[in-house]
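Structural features, examined
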Amino acid sequence: MTDDATPAPTPVPLSELRVVIVDDHAMFRAGVRHEIGGRCLVVGEGEDVDSAVAVIVEQKPDVVLLDVHLPGGGGAEVIKQVQPQCPDVKFLALSVSDAAQDVIGVIRAGARGYVTKSISSDELLEGMARVAAGDAVFSPRLAGFVLDAFSGAVDVASIDEELDKISAREREVLKLIARGYSYREVAKELFISIKTVETHVSSVLRKLQLSNRHQLTKWATDRHLI
Amino acid sequence: MTNLPAAQDAPARVPLRRAGSGKVIAGVAQGLAAHLGINVTLVRVCFVIAAMFSGAGALAYGALWVLVPRSQGSDEPAGLAAATRRGMRPAAAAPVKPDDGVVIAGGLVVVGLLWLFVSGGVVPTGLFWPAVIGGLGVITIWLQVDERVAPEERRGAWQRLTRGGGAMSVLRLVGGLVLVGLGISWILATQIGLSQLPGVLGASGVLLAGLVVVAAPWLYQQRARVRRADAERLRAEARADMAAHLHDSVLQTLALIQRQANDPATVAQLARRQERELRTWLYGETARAASLRSALREMTSDVEGRFPVDVELVCVGDATVDDRVEALIMATGEAVTNAAKHSGAPRIDVYAEAEDDRIEIFVRDRGAGFDPDAVPSGRMGVRESIKARMDRYGGSATIRSTPGEGTEVKLEISR
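Quick caveat, the model's predicted, so the values are computed rather than measured. (Residues numbered from 1 in each chain as written. Chains lettered and ligands numbered in written order. Predicted model: local features only at pLDDT ≥ 70, side-chain atom pairs only at ≥ 80, totals over all residues. Heavy atoms only, no water.)

**Considerations on unusual backbone geometry**
All names here are of chain A. Basically, it comes down to this: Helix and strand assignments follow DSSP, with helices taken as H or I runs no shorter than four residues and strands as E runs no shorter than two, numbered in order from the N terminus. Burial here depends on accessible area, computed with a 1.4 Å probe over protein chains only, as a share of the maximum for the residue type. Under 20% is buried, over 50% is exposed, and the range in between is partly exposed.
The residue Lys60 is not glycine, and still its phi comes out positive at about 45 degrees. Among the secondary structure elements, Lys60 is positioned in the loop between helix H2 (49–59) and strand S3 (63–67). Note on Lys60: relative accessible area 48%, which makes it partly exposed. Of note in this structure, Phe191 is not a glycine but carries a positive phi near 55 degrees. Residue position: Phe191 is located in the loop between helix H8 (183–190) and helix H9 (194–209).

**Some remarks on the interface of chain B and chain A**
Note the cut-off: Note on contacts: a residue pair is in contact if any heavy atoms of the two residues lie within 4.5 Å. Defined in terms of a 1.4 Å probe, buried area is the accessible area two parts forfeit on being brought together, summed over both. The salt bridge definition used is simple: a Lys or Arg side-chain nitrogen within 4 Å of an Asp or Glu carboxyl oxygen. Think of a polar contact as two N or O atoms within 3.5 Å of one another; within protein, one of them needs to be a possible hydrogen donor and the other a possible acceptor, and neighboring residues in sequence only count if both atoms come from side chains.
Chain B puts 31 residues into the contact, and the matching count from chain A is 34 residues. Across the chain B to chain A interface the summed buried area is about 2600 Å²; carbon plus sulfur atoms make up 44%. It is Met88(B), Arg279(B) and Tyr283(B) in chain B that bury the most area against chain A; as a group they hold 22% of the surface buried on that side. Joining chain B to chain A, the criterion identifies nine salt bridges. Where chain B packs against chain A, one counts 13 residue pairs in polar contact (both at pLDDT 80 or more). Within the residue set of the side of chain B that touches chain A, elements represented by two or more residues are helix H4 (78–85), helix H10 (264–283), strand S1 (310–316), strand S2 (347–354) and strand S3 (358–365) of chain B. For the side of chain B that touches chain A, the leading source of residues is S1(B), giving five residues.

**Regarding the UniProt feature "modified residue: 4-aspartylphosphate" (unreviewed entry) in chain A**
Residues and elements named next belong to chain A. For clarity, the threshold we go by: UniProt positions are given in the numbering used here, feature names are shortened, and annotations may be inferred rather than shown by experiment.
The residues that UniProt annotates with the feature "modified residue: 4-aspartylphosphate" (unreviewed entry) are Asp67. Tracing the backbone through its elements, the reader meets Asp67 in strand S3. Taking the relative accessible area as the measure of exposure, Asp67 reaches 5% and is therefore buried. Look past the residues within four positions of Asp67 in its chain and what remains in contact with it is Val22, Asp23, Asp24, Gly75, Leu94, Ser95 and Lys117.

**A closer look at the sheet that holds strand S5 (residues 113–116) of chain A**
All names here are of chain A. The cut-off we apply is this: Strands qualify as paired when DSSP identifies two bridges or more between them. For helices, the fitted line uses only the C-alpha atoms of the stretch in contact; every axis is such a line through C-alpha atoms, and the angle between N-to-C directions lies from 0 to 180 degrees.
Spatially, the six strands line up as an open sheet ordered S2-S1-S3-S4-S5-S6, and their pairing is parallel. Edge positions in the sheet fall to strand S2 (41–46) and strand S6 (137–138), since each of these pairs with one other strand and no more. Two elements, strand S1 (residues 18–22) and S2, share five bridges in a ladder whose sense is parallel. The partner of Arg18 across the bridge, within S2, is Leu41. Of the strands in this sheet, S1, S3, strand S4 (90–95), S5 and S6 are in contact with helix H5 (residues 121–132), which crosses S4 at around 150 degrees.

**Points about a nonpolar patch on the surface**
Let me state the cut-off plainly: Residues enter a patch when their relative accessible area is above 30% and they make no salt bridge; the linking distance is 9 Å between like charges and 5 Å between nonpolar side chains (Val, Leu, Ile, Met, Phe, Trp, Tyr). Values of accessible area rely on a 1.4 Å probe in the Shrake-Rupley scheme; residue burial ignores everything except the protein chains shown.
Residues Val45(B), Val48(B), Ile49(B), Met52(B) and Phe53(B) make up a contiguous nonpolar surface patch of roughly 540 Å² in combined accessible area. Among the structural elements, Ile49(B) can be located in helix H2 (residues 40–52).

**As for the pattern of salt bridges**
Enumeration over the complete set of coordinates arrives at 25 salt bridges over all chains. Across the pair Glu353(B) and Lys175(A) runs a salt bridge, and its minimum N-O distance is 3.3 Å. A residue pair is termed interchain when its members come from two chains, as with Glu353(B) in strand S2 and Lys175(A) in helix H7 (residues 168–178). Assigned by exposure class, Glu353(B) and Lys175(A) land together as buried. For Arg400(B), the salt bridge goes to Glu189(A), with nearest N and O atoms at 3.0 Å. Within this pair, whereas Arg400(B) is found in strand S4 (residues 396–402), its partner Glu189(A) is found in helix H8, the two belonging to separate chains. Taken together, the salt bridges that share partners define one network made up of Arg171(A), Lys175(A), Glu353(B), Glu355(B), Arg358(B), Glu360(B), Lys410(B) and Glu412(B).

**Digging into the sheet that holds S4(B)**
Sheet architecture is open: five strands sit in the order S1-S2-S3-S5-S4 (chain B), paired in mixed fashion. Where the open sheet ends on each side, the last strands, each with one partner, are S1 and S4 of chain B. Direction aside, neighbouring strands of the sheet carry axes that sit 10 degrees apart on average. Both S4(B) and strand S5 (residues 406–414) of chain B contribute to a ladder of seven bridges, which runs antiparallel. Paired with Thr398(B) across the bridge in S5(B) is Lys410(B). Where H7(A) meets the sheet, its contacts fall on S1, S2 and S3 of chain B, and the angle it forms with S2(B) comes to roughly 140 degrees.

**Observations concerning the nonpolar core**
We apply this condition: The definition of a nonpolar core used throughout is a set of buried Ala, Val, Leu, Ile, Met, Phe, Trp, Tyr and Cys residues joined through side-chain atoms within 4.5 Å.
With 57 residues, the main nonpolar core has Ile56(A), Leu66(A), Val78(A), Phe91(A), Phe138(A) and Val146(A) as its most contacted residues. Here this core takes seven residues from helix H6 (residues 140–151) of chain A, the largest share from any one element. Leaving out residues up to four positions away in the same chain, Leu66(A) has contacts with Val22(A), Gly75(A), Val78(A), Ile79(A), Phe91(A), Leu92(A), Ala93(A), Leu94(A) and Val106(A). Of all hydrophobic cores here, the second largest spans 34 residues; its members include Met299(B), Val325(B), Ile386(B) and Met390(B).

**Some words on the packing of aromatic side chains**
Applied cut-off: Pairing of aromatic side chains here covers Phe, Tyr and the six-membered ring of Trp, requires ring centres within 6.5 Å, and sorts the geometry by plane angle: under 30 degrees stacked, over 60 edge-to-face, intermediate tilted. Sitting over a ring, as applied to charges here, requires NZ of Lys or CZ of Arg to be within 6 Å of the ring centre and within 35 degrees of the ring normal.
For the coordinates displayed, the defined rule picks out three aromatic pairs over all chains. Seen in terms of ring centroids, Phe47(B) and Tyr61(B) are 5.2 Å apart; in terms of plane orientation they differ by 75 degrees. Their pairing is edge-to-face. Taken together, the residues Phe47(B) in helix H2 and Tyr61(B) in helix H3 (residues 56–67) connect sequence positions 14 residues apart. On the basis of relative accessibility, which here comes to 14%, the residue Phe47(B) falls in the buried class. When the ring centre of Phe362(B) is taken as reference, the NZ or CZ atom of Arg179(A) above it lies at 3.5 Å.

Structural data, given as structure tokens:
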């Protein structure tokens, strides 16, 4: 397995997880708050880019549930504005959008995962906990988007040639996730540990987030890969 | 009720439109190449060669530039377009600019040609410079003909000057007129004598100014009217679209739900079906002609309509539907129906991947499962039919199932 240079953040118990919900529909925010409010701490809500950035910077939550479409530039814009100030805040994209470009865009900006709004509250809580612990959350649909992007079938303007640097093993893992396997099942299928599955997934995420050749080169140089 | 994009035959020919991206000058060559189905470079070379013959290529290019409408870009689903308009999606990357090298090379060629004309004495020196100035004026005015690029915040001074509306378009018009007037007066002056130049210039200047002053209110009104009419038409179209769609699907479903409010299963089924349809309308990819993707989507929503299950479809890549792909889709439909009928799982995952050399589809449920060895041969009907169908088309079907853990069917054909 690859090196674990970054120390794993100490897991926060679910009941103490501080969450900010960002969505432009008040009904949806109320619904999510109702569903998860009893089992974690919802510390704030945002309805557009400005209000979201303000509340996140003020509250410094563990996880932000972030809508992809937001007035003022979309979810990606929120991440861009928050990250320099609060690098520890983790974002989980939550959207009804089926457009690969939007989802990939918010992942590239730095979101750690993507779930659809039809997700059950149990799955959502599990996803939040996983994101808070530093892991990535790949729904089958996100895995599909990513595979599509890597195969060049999706024309995402911002995607460049770094994307074909996904390894065969990572591809295999993504494919199993797209087929509806859980991480545990992926691990069993490929005869590897769950930790390794997580490493592959995180590495795919990182590759997606490297936005240009320069960054990729720097990333590789920093790790003495070249 | 499902008016989802069906698999249809690919249109024979791309309509003639100037390309919006990847263009070097105005996208004429690219549009033409796409329309004729030939290589862009070939079209460009043709234009350049034709330009050698008294500028025929350049003329043809100019004519096509003016006459061929600009491509509107890919048609986005209603919901995504709306989100873009309301600034809820990050702006797309800036359009590709022509390479600096191309611009410099073009400029050098033009300068060289001018030099050739002047030094070769093809055109009398007295007429040459005024003709160039007049020509620049004409170009400045004709720049207006090109439809304006969508207003974007990130536009340089040049873009604003050549494409901007309002004051810029007036400036362009006046500037162009002045240049044309200057050229004409110069020609006149050389004919009548240089000493007359100030007088001629002054006279044409006054004439132009008078024309502008007289025509300005009319021009202004005309512009305002066109803009208003455009905006109104767009709004009306959008409203009509929305109303038609809401009426056809959403309102009817809501009515059905009200009537069957005491039957939760039906209500859930109707709602699910409507959600899927609305989502496709709002966010779905535009149906690519004859695509595996749209056919699978239609199939999954059909199953969702008939059984109380969610079918999660993930599709990577796409393929045109021919006989073999058709068979694959039918087999997938049977596998999904089977899972919906027998597994008891609330959700079925369908994953399709079209690669260059093969198509794979996985249908997975987390339902009851079964022991493949223990199934009596008589009960293998549907599964056998899936296998037989795939065999006929040179594909394969593999079924993995464990009691209590669910079933996964893998269907595969090579292309």
